[in-house]
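Overview (structure and organization)
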Amino acid sequence: MRTSPKRAVERGMQAVFLLCGLISIGFVLFISVYLILSGIPAIAQIGPTKFLFGTTWASTAAEPQFGILPFILTSIYGTAGAILIGVPVGFLTAVFLAKAAPPRLAAVVRPAIELLAGIPSVVYGLIGMMVLVPAVRELFHLPDGASLFCAILVLAVMILPSIVSVSETALQAVPREYEEASLALGATEIETYFRVSVPAAKSGIAASIVMGIGRAIGEAMAVIMVAGNVANMPSLFSSVRFLTTAVASEMSYAAVGSLQQQALFSIALVLFLFIMLINVILNSLLKRGGDD
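In this report, we go over the structure that sits alongside the text. (Residues numbered from 1 in each chain as written. Predicted model: local features only at pLDDT ≥ 70, side-chain atom pairs only at ≥ 80, totals over all residues. Heavy atoms only, no water.)

1. Points about the nonpolar core
Spelled out, the test is: Take the buried Ala, Val, Leu, Ile, Met, Phe, Trp, Tyr and Cys residues and link them wherever side-chain atoms come within 4.5 Å; each set so joined is a nonpolar core. When a residue's accessible area, from a 1.4 Å probe over protein chains only, is under 20% of the maximum for its type it is buried; when over 50% it is exposed; and in between it is partly exposed. A helix here means a DSSP run of H or I that spans at least four residues, while a strand means a run of E at least two residues long, and both kinds are numbered starting from the N terminus.
Of all hydrophobic cores here, the largest spans 48 residues; its most connected members are Phe 51, Trp 57, Ile 68, Phe 71, Phe 242 and Ile 267. Where this core is concerned, the elements lending two or more residues are α1 (5-46), α3 (69-100), α5 (121-140), α6 (148-172), α9 (202-218), α10 (221-226), α11 (243-250) and α12 (259-291). If you tally residues by element for this core, the top one is α6, at nine residues. Phe 91, Val 95, Ala 170 and Ile 205 belong to the second-largest nonpolar core, a separate cluster that totals 11 residues.

Laid out in structure tokens, this is it:
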């Protein structure tokens with residue numbers, strides 16, 4: 001039996017999609033294997049306990065120390081702070097644009113949010129370094145304004161576009177019939193938005209939060225310009241160093257094959273596993289919420 005042209009095109013496109021999917025999986029596997037092979041030797045030589053729970057990072061000292069606990073805690077605190085600030089602002093902005101904003105106002109605000117997504121991270125860092133850091137220094141009477149607090153504020157702004165755009169799209173996809181039924185039963189518009197539309201769009205809203213977390217954890221350039229880049233234990237108004245900035249700041253001058261370079265690869269491995277763990281946990285929560 002001869003295959004129809006449409007059937008042949010369909011099979012060809014399926015093969016293309018399969019190939020693209022396999023390529024994506026291959027890249028993930030390649031990155032995973034490379035980081036494991038590059039990062040495990042340093043962890044084995046330094047010792048997992050000293051590496052993960054050591055509080056001193058002095059990679060260029062006469063007797064080098066490679067404790068990354070300050071980097072881990074700083075990344076956790078910085079990401080959590082950005083999420084605590086950025087998620088409520090982004091979520092409420094998405095609800096406003098999708099459901100309550102006048103069309104003319106939405107037509108102005110929506111492109112402004114999209115513009116934030118297109119601004120390079122180095123520009124965020126430059127503005128933070130020139131405006132935010134001096135303002136924090138003067139406001140809180142600090143010797144240096146570069147701090148974890150500034151990094152949290154910059155990251156909170158940087159994750160807004162992904163949270164707003166994805167959440168708004170999810171809210172706009174909620175069938176209008178759901179809201180009309182709620183209004184017909186006597187609920188107000190605000191009650192309908194938060195008790196009908198938001199629960200119906202929770203998977204999309206959760207996906208936007210996952211994207212925001214990924215952006216906050218993986219950011220390096222903007223953070224290195226406003227956080228001070230000092231390997232201190234995290235404090236809100238002290239200079240700190242994130243996992244990403246630790247790799248970015250030292251990889252350029254680390255000797256090839258040295259323990260310092262291997263330790264930086266180990267930091268990248270820890271960061272990679274950290275992101276993977278967060279994705280697995282959030283996806284499990286989403287699936288559990290969908291089953292409920």
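Still more ground to cover, so stick around.
2. With respect to the environment of Gly 128
As a reminder, the rule being used: Two residues form a contact once any of their heavy atoms are found within 4.5 Å.
Turning to its location among the elements, Gly 128 is positioned in helix α5. For Gly 128, a relative accessible area of 4% corresponds to the buried category. When the C-alpha atoms of Gly 128 and Val 154 are compared, they prove to be 6.8 Å apart, with 26 residues separating the residues in sequence. If near-sequence neighbours (up to four positions away) are discounted, Gly 128 is found in contact with Val 133, Pro 134 and Val 226.

3. Remarks on the packing of aromatic side chains
Counted only if it meets this: Ring geometry is summarised as follows: Phe, Tyr and Trp rings, the Trp one being its six-membered ring, pair when their centres sit within 6.5 Å, and such pairs are stacked at plane angles under 30 degrees, edge-to-face over 60 and tilted between the two.
All told, the structure shown has eight aromatic pairs when counted by the stated rule. Judged by centre distance (5.8 Å) and plane angle (80°), the rings of Phe 140 and Phe 149 are edge-to-face. Judged by relative accessible area, which is 34%, Phe 140 ranks as partly exposed. Note on Phe 149 and Phe 237: the rings are 5.3 Å apart at their centroids and 45° apart in plane angle, and the pair reads as tilted. With Phe 149 in helix α6 and Phe 237 in the loop between α10 and α11, the pair connects residues that are 88 residues apart, well separated along the chain. Look at Phe 237 and you get partly exposed, because its relative accessible area is 30%.

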